Amino acid sequence: MMEVLNEFLKTKGIYSLVMILFFLGVYGMVLSKNYMKKLMAMNVMQVAVIFFYLCFAQKDGAMIPIQNGVTTDPNFYINPLPHGLMLTAIVVSLGTTGVAIALLMRIKEIYGSVEEVEVLRRASK
């Protein structure tokens, strides 16, 4: 039994971690009543998606796609496209986080709180 578990974790363990991170973010988004905590949970979800794409792009025994004179066969190289896309996703994530923090600062300034119940109560008056 332990050999099966060790083999699973060795080969697919990172996907289990990604799934746990993603659902932890969903859990935080759904159950948290604080907007800052919701933003942090959203960032955890974004990191989980980025991890998934980066892990999915890996190949056993492959090398980085740099011309080094060893081989020109593309089957021996890692695909650089997912890595470039995830670099873009990180930049977009930082941008959305910055805008969300600025909005949270304005909400705190106007309503005096970032708790969802309190903001909705004061907004309905």
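So, here is what we can say about the structure in this document. No experiment lies behind these values; they were computed from the predicted model shown.

**Description of the environment of M45**
Working step 1: In this fold, M45 is placed in helix α2 (residues 35-56).
Working step 2: M45 sits 58 residues away from L103 along the chain, and the two C-alpha atoms are 20 Å apart.
Working step 3: Ignoring anything within four residues of it in the chain, the contact list for M45 reads F22, G25, V26 and M29.

**Here we look at the packing of aromatic side chains**
Working step 1: Per the stated rule, a full pass over the model turns up four aromatic pairs.
Working step 2: When the centroid spacing of 6.0 Å and the interplanar angle of 65 degrees are considered together, the rings of Y15 and F52 count as edge-to-face. With Y15 in helix α1 (residues 2-31) and F52 in helix α2, the pair connects residues that are 37 residues apart, well separated along the chain.
Working step 3: When its relative accessible area of 26% is taken as the criterion, Y15 is described as partly exposed.
Working step 4: A relative accessible area of 33% places F52 in the partly exposed class.
Working step 5: Ring geometry for F52 against F56: centres 5.6 Å apart, planes inclined by 20 degrees, an arrangement best described as stacked. Placement of the pair is F52 and F56 together in helix α2, with a separation of four residues, close to one helical turn.
Working step 6: Under the relative-accessibility criterion, F56 is labelled exposed at 57%.
Working step 7: Among the aromatic residues, those joined into a cluster by ring pairs are Y15, F52, Y53 and F56.

**Notes on a nonpolar patch on the surface**
Working step 1: On the surface, L24, Y27, M29, V30 and L31 cluster together into a nonpolar patch covering about 500 Å² of accessible area.
Working step 2: With respect to the helices, strands and loops of the structure, L31 is situated in helix α1.

**Description of the pattern of salt bridges**
Working step 1: Overall, the coordinates contain four salt bridges when judged by the stated rule.
Working step 2: A salt bridge links E109 to R106, with the nearest nitrogen and oxygen atoms 2.8 Å apart. On the criterion of helical spacing, the pair formed by E109 and R106 is a turn pair, its members being three residues apart in helix α3 (residues 81-111).
Working step 3: On the accessibility criterion, E109 (59% relative accessible area) is exposed.
Working step 4: Using a relative accessible area of 45% as the deciding quantity, one classes R106 as partly exposed.
Working step 5: Salt-bridge contacts for E118 lead to R121; the nearest nitrogen and oxygen are separated by 2.4 Å. With a gap of three residues between them, E118 and R121 both fall in helix α4 (residues 116-123), about one helical turn apart.
Working step 6: Assessed through its relative accessible area of 21%, E118 is described here as partly exposed.
Working step 7: A relative accessible area of 38% places R121 in the partly exposed class.
Working step 8: It is possible to trace a salt-bridge network through shared partners that takes in E118, R121 and R122.

Thresholds, definitions, all that
- Residues numbered from 1 in each chain as written.
- Predicted model: local features only at pLDDT ≥ 70, side-chain atom pairs only at ≥ 80, totals over all residues.
- Heavy atoms only, no water.
- Helix = DSSP H or I, 4+ residues; strand = E, 2+ residues; numbered from the N terminus.
- Contact = heavy atoms within 4.5 Å.
- Phe/Tyr/Trp six-rings, centres within 6.5 Å; stacked < 30°, edge-to-face > 60°.
- Buried < 20%, exposed > 50% of the residue type's maximum accessible area, 1.4 Å probe, protein only.
- Patch = residues over 30% accessible without salt bridge, like charges linked within 9 Å, V, L, I, M, F, W, Y side chains within 5 Å.
- Areas by Shrake-Rupley, 256 points an atom, 1.4 Å probe, with all protein chains shown as cover.
- Salt bridge = Lys/Arg side-chain N within 4 Å of Asp/Glu carboxyl O.

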